[in-house]
Amino acid sequence: MRTPTVVPSGVERTFDEDEIIVTKTDTKGVLTYANKVFLRVSALSEADAIGQPHSLIRHPEMPRAVFKLLWDSLKARQELFAYVVNLAADGAHYWVLAHVTPSLDEHGQVVGYHSSRRKPERAAVAAAQELYGRLRAEERRHPHPKEALDASWVMLHSVLDQRGMTYDQFVWDLTNASMV
């Protein structure tokens, strides 16, 4: 299993446009299922992935505010689309357009989460990188994790407010613009 000290190599890994990365987690974010595409792209074996927190693939350059948005959405039983950069066990990184949804049982209770990820267009990644770079720079200005998250959160909403859109609209604008 990858230790938390994996150092990003700067090598970008991609996957085919017709492939979908799929994972499922329990309500605490622990992996309960990972398809072969996920295992290949993340450079993990099934034994190294299942039972581990999904944050196992969190890239250190991913802004905390986006993960707060993700968890806030899921706790409100809403889906979220997001551009995310992940870190593979071998140090490579890969960008995805993630769609994360709560998984419900027959009684409507949340029993976990399901994530499907597609290969994003390069133009969308570049735009996400620009915003995420600004958010990470703001986080680095604050020595304490909570202050860093709070500042990044305020900045994310400020940027979106200036653009007159929600994060969902930001994602869909990038997605639709890159498909033209």
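Quick note: structure is the one above.
Quick caveat: nothing in here was measured; it's all calculated off a predicted structure. (Residues numbered from 1 in each chain as written. Predicted model: local features only at pLDDT ≥ 70, side-chain atom pairs only at ≥ 80, totals over all residues. Heavy atoms only, no water.)

1. A short note on the nonpolar core
Phase 1 of the analysis: By size, the foremost hydrophobic cluster in this structure holds 47 residues, and its most contacted members are I21, F38, Y83, Y94, Y132, Y167 and F170.
Phase 2 of the analysis: Elements with a minimum of two residues in this core: strand 2 (31–34), helix 1 (36–42), helix 3 (64–75), strand 3 (80–87), strand 4 (93–104), helix 4 (122–140), helix 5 (145–163) and helix 6 (167–178).
Phase 3 of the analysis: Those residues in contact with F38, other than ones at most four positions away along the chain, are I21, V22, T23, L31, L44, A49, I57, Y94 and R117. (Core = buried A, V, L, I, M, F, W, Y, C linked by side-chain atoms within 4.5 Å. Buried < 20%, exposed > 50% of the residue type's maximum accessible area, 1.4 Å probe, protein only. Helix = DSSP H or I, 4+ residues; strand = E, 2+ residues; numbered from the N terminus. Contact = heavy atoms within 4.5 Å.)

2. Quick word on helix 5
Phase 1 of the analysis: Over its 19 residues, helix 5 extends 27 Å from the first C-alpha to the last, a length consistent with the 27 Å expected when each residue adds 1.5 Å.
Phase 2 of the analysis: All buried positions along helix 5 are accounted for by A148, A151, S152, L156, V159 and L160. The buried side chains of helix 5 occupy one side of the element, clustering within an arc of 165 degrees when seen end-on. In helix 5, the exposed positions that point more than 90 degrees away from the buried face belong to K146, V154 and D161. (Expected span 1.5 Å × (residues − 1). Arc of directions from axis to C-beta.)

3. A few points about the packing of aromatic side chains
Phase 1 of the analysis: Tallied over the entire structure, the rule returns four aromatic pairs.
Phase 2 of the analysis: Geometrically, the ring pair formed by W95 and Y132 is stacked, given 6.1 Å between the ring centres and 20 degrees between the ring planes. Here Y132 lies in helix 4 and W95 lies in strand 4, a separation of 37 residues in the sequence.
Phase 3 of the analysis: Given a relative accessible area of 7%, W95 falls into the buried group.
Phase 4 of the analysis: The exposure class of Y132 is buried, given its relative accessible area of 0%.
Phase 5 of the analysis: A cation sits over an aromatic face here: K24 above Y33, 5.7 Å from the ring centre.
Phase 6 of the analysis: Sitting over the ring of W153, K68 keeps its end group 4.5 Å from the ring centre. (Phe/Tyr/Trp six-rings, centres within 6.5 Å; stacked < 30°, edge-to-face > 60°. Lys NZ or Arg CZ within 6 Å of the ring centre and 35° of its normal.)

4. Focus on unusual backbone geometry
Phase 1 of the analysis: Of note in the backbone geometry, A43 takes a positive phi value of approximately 60 degrees without being a glycine.
Phase 2 of the analysis: Along the chain, A43 turns up in the loop between helix 1 and helix 2 (46–49).
Phase 3 of the analysis: Phi is positive for R77, close to 65 degrees, though the residue is something other than glycine.
Phase 4 of the analysis: Inspection of the secondary structure puts R77 in the loop between helix 3 and strand 3.

5. Here's the deal with the sheet that holds strand 4
Phase 1 of the analysis: Ordered in space as 2-1-5-4-3, the five strands form an open sheet in which the pairing is antiparallel. Single-partner strands in this sheet number two, and they are strand 2 and strand 3. When strand polarity is set aside, the average angle formed by the axes of neighbouring strands in this sheet is 30 degrees.
Phase 2 of the analysis: Across the face of the sheet, helix 4 comes into contact with strand 3 and strand 4 while running at roughly 85 degrees to strand 4. (Pairing = 2+ DSSP bridges. Axes fitted to C-alpha atoms, helices over the stretch in contact; angles between N-to-C directions.)

6. Observations concerning the packing of helix 4 against helix 5
Two packed helices can be described by the angle between their axes and the distance between those axes.
Phase 1 of the analysis: Where helix 4 meets helix 5, the closest approach of the two axes is 8 Å, and the angle between their N-to-C directions is 145 degrees. Considering how the two elements wind past one another, helix 4 and helix 5 form a crossing that is right-handed. Between helix 4 and helix 5, the contacting residues are E130, L131, R134, L135, E138 and E139 on the first element and A148, A151, S152, M155, L156, V159 and R163 on the second.
Phase 2 of the analysis: Of the residues belonging to the contact of helix 4 with helix 5, the class tally is seven nonpolar, one polar and five charged. (Left-handed = near helix turned anticlockwise from the far one by under 90°. Nonpolar A, V, L, I, M, F, W, Y, C, P; charged D, E, K, R; others polar.)

7. Some details on the pairing of strand 1 (residues 21–25)
Phase 1 of the analysis: Across the five residues of strand 1, four count as buried, placing the element largely inside the fold.
Phase 2 of the analysis: With five bridges connecting them, strand 1 and strand 5 (residues 110–118) associate as antiparallel partners. Bridging from a neighbouring strand, K24 pairs with H114 of strand 5.
Phase 3 of the analysis: Pairing of strand 1 with strand 2, which is carried by three bridges, proceeds in the antiparallel orientation. Directly across from K24, in strand 2, lies its bridge partner Y33.
Phase 4 of the analysis: Between the antiparallel neighbours strand 1 and strand 2 lie five residues, among them G29 with a positive phi of about 85 degrees.

Function cannot be inferred from these measures alone, as they are strictly geometric.
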